[in-house]
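Survey of secondary and tertiary structure
Take a look at the letters that make up each chain.
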Amino acid sequence: MDYKFKSFRILGFLVTVMMTSISTANFSGNRCSTHRTGPAPSVCEGRTIPASKARNLRVNTQMLNCSANVDHYIRRPQKFDFNTWATLVQNGKKQEAYNLRREQQKEIAWSGSVPFVTVETWVWESCDLITSSSECGTTTKTRIYDCSYTTSRSCDSKGRCTGGNRVSKTCTESYQDPNTCYADVSHRENWECSNEIMTYSAKFDRPKDWTPQTPGYKDPIPNKYDLLPGEVEDIQVLNNQSMASSVSPFTKVGDAWNEYKISNTINGSTKASCIQNGKYHANITIYTDKRIPSKKTPNAFRLPHDSKGNKILALSSDTVKLEDGKDFEIQSESKNSFIAGHPSAVYLDDTSSSMITLIAEQSRKNEEREVQKEKLSLGKNNDSAEALKKDPAFFKNTKVKIELLADNKYWWKTSSTDPIVVDDIDAVEMDFRSFSTNQDIASSDLWKIILNSKVKKNNNIYMVSDSSERTLRPDQKYLLKISMYQKGVKGFYKQDCEEDSEAWDCKWWSLFMKRNEKDYYSDPIEIYFKTPEKMQDERGFGRKVLDILDLF
């Protein structure tokens, strides 16, 4: 009995509190209107919407939606017999070179699938106690507030002033106070209905009308959609761009090197209704419009390999003196991917070397042809001059930039030293790897970039500018960021202002928006190393102080 008495007392207290709240907020009655109760049929086979979420269910909102998902296809340059093809191009046999590439390179086509789910959504209403002016109306109320003010002060010509006195005053105003009532409140619900799959077949269209006789044809891209060394595209096939009541396949090319037009169809149309246990198959065709000439150079470097394809250690090291006078030589890569030592040079394979060299050679032949046309009057002089402006001759001149970064407590910090910038004349080493059967190795140059040149001070990445002070400290992690730039390769890659002086962002008026290195240098590859723990410290006092500050 005591428990029952306590229960009634608690219930009475809650009712009292609720009624007090309602009276305070001007209770305006029950405005709920029940049109439907009980469970409702679901559009998902074998399911029923429970009564607790089906009151006043709005039938026009009940539908099946399909989620969005994506499948990726990574496209890289296709393999072919580069040496035979290059020989044909150099001898002016463009048609034979074109035919060779078409025979050896298959059309790009692939298939895949995109998983997704169907989701049923609907809107229902609950009857809730709410405070709302729009649903429950308002009650006019009055409030009193202090509206005291200070009178204006005025002075005559003799400096006698009056006013500026504070006057006490009380004001009243009316306002509309929202009422409390029971009203219908909408809720949006959803649940997963089924797992679905959209299969697809995709291909790049290889145009038959793109031949050596076509205006604008370029030998390195005989299929029009070809990629050059270092270039990569991420083909993304989506069943939907967002959740929708239909399945509408969409394809986009990530980091595209060409402008494309893409055809997407599904079950013979541009979209299909979202249904449970549906059969979906999309057909995708990618048409190449033209090359994008304004993209920065890709990074065609990769870690070096020998003629048999075995990886070579990318860093060579000075013999470092330790505190006890012993020598420390470079060690192999450790578990944490940091190479221990004091690198004196970095070795890299430039996989773009042969192709860029060939493009440079062909540009000079084109220049010779234009000059001959002028001499023989086979074309208008101004036409030849315009052709040379658009596609001038150049010699292969690949620039490489290396930056040194030190690891501190919170981030990688750029070294106080200047970056090293070298070209292939100074840094490419001759080797015998051309005998390799691996095309990438046989067609690449081996770069050896000196990091601590004793001859060229600006080629020593460990020296502080305008001094002989060294920067590396013992037991420290470092990072080399290596970028490349194909200078002179117009029509394929963005150039610096020296090569592209007519560009709007290379004019005198573009002082604050001038073309920057990051616009034409590639994204970097990264190589890590760590100095020995007991290496002799050759830093000056000032450098040690600055390095201590970097730790915080």
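Residues numbered from 1 in each chain as written. Predicted model: local features only at pLDDT ≥ 70, side-chain atom pairs only at ≥ 80, totals over all residues. Heavy atoms only, no water.

1. Focus: the overall build of the protein
Scanning the protein from terminus to terminus reveals ten helices and 32 strands. By the burial criterion, 41% of the 552 residues in the protein qualify as buried. Restricting to contacts in the protein with at least 6 residues of sequence separation, those with at least 24 account for 74%. Of the roughly 31400 Å² of accessible surface on the protein, a fraction of 51% belongs to carbon and sulfur atoms. (Helix = DSSP H or I, 4+ residues; strand = E, 2+ residues; numbered from the N terminus. Buried < 20%, exposed > 50% of the residue type's maximum accessible area, 1.4 Å probe, protein only. Contact = heavy atoms within 4.5 Å. Areas by Shrake-Rupley, 256 points an atom, 1.4 Å probe, with all protein chains shown as cover.)

2. Quick look at helix α2 (residues 82-90)
Along α2, the positions that sit buried rather than exposed are Phe82, Trp85, Ala86, Leu88 and Val89. Looking down the long axis of α2, one finds its buried residues gathered within 160° of arc, a one-sided arrangement. (Arc of directions from axis to C-beta.)

3. Concerning the pattern of salt bridges
In total, this model carries 24 salt bridges according to the counting rule given. For the salt bridge of Asp184 with Arg55, the shortest nitrogen-to-oxygen distance reads 2.9 Å. Linking Asp184 in strand β13 (residues 180-204) with Arg55 in the loop between β3 (48-49) and β4 (58-66), this pair joins segments that are 129 residues apart in sequence. One continuous salt-bridge network, built from bridges that share partners, spans Lys487, Asp496, Glu498 and Glu499. (Salt bridge = Lys/Arg side-chain N within 4 Å of Asp/Glu carboxyl O.)

4. As for the packing of α2 against helix α3 (residues 94-104)
Between α2 and α3, the shortest axis-to-axis distance is 8 Å and the interhelical angle comes to 160°. Judged by the angle between their axes, α2 and α3 are roughly antiparallel. With respect to the hand of their crossing, α2 and α3 are arranged in left-handed fashion. Contacts from Thr84, Trp85, Leu88 and Val89 of α2 reach α3 at Glu96, Ala97, Leu100 and Arg101. Here the contact of α2 with α3 is built from residues that sort into five nonpolar, one polar and two charged. (Axes fitted to C-alpha atoms, helices over the stretch in contact; angles between N-to-C directions. Parallel < 35°, antiparallel > 145°, perpendicular 65-115°, else oblique. Left-handed = near helix turned anticlockwise from the far one by under 90°. Nonpolar A, V, L, I, M, F, W, Y, C, P; charged D, E, K, R; others polar.)

5. So, the confidence of the model for the protein
Keep in mind that low pLDDT regions are not for reading the predicted coordinates in detail. Chain-level pLDDT for the protein is 85 on average; 84% of the residues reach the 70-or-more range. Per-element confidence in the protein is highest for strand β14 (residues 233-238), whose mean pLDDT is 98, and lowest for helix α1 (residues 2-24), whose mean pLDDT is 44. Long-range and interchain partners of residues 1-23, a stretch whose pLDDT sits below 50, account for three contacts in this model, where long-range means more than four residues apart. Segment residues 332-336 is flagged for pLDDT under 50; beyond a separation of four residues in sequence, or across chains, it makes two contacts in the model. (pLDDT = per-residue confidence, 0-100.)

6. Here we look at the state of the cysteines
Using the criterion set out here, one finds seven disulfides in the structure. With its sulfur 1.8 Å from that of its partner, Cys155 forms a disulfide with Cys161. Measuring handedness by torsion sign, the sulfur bridge of Cys155 and Cys161 sits at about 105° and is right-handed. (Disulfide = S-S within 2.5 Å.)

7. Digging into the sheet that holds β14
Pairing is antiparallel across the open sheet formed by three strands, whose spatial order is β5-β14-β16. Of all the strands in the sheet, just β5 (70-75) and β16 (250-254) have a single pairing partner and so form its edges. Adjacent strand axes in the sheet meet at a mean angle of 20° when their direction is disregarded. (Pairing = 2+ DSSP bridges.)

8. With respect to the side chain of Asn460
Secondary-structure assignment places Asn460 in the loop between β30 (445-450) and β31 (477-487). Side-chain polar atoms of Asn460 contact the backbone nitrogen of Tyr462, separated by 3.0 Å. Excluding anything up to four places from it in sequence, Asn460 contacts Ile420, Leu451, Asn452 and Ser453. (Polar contact = N/O pair within 3.5 Å; in protein donor to acceptor, adjacent residues only side chain to side chain.)

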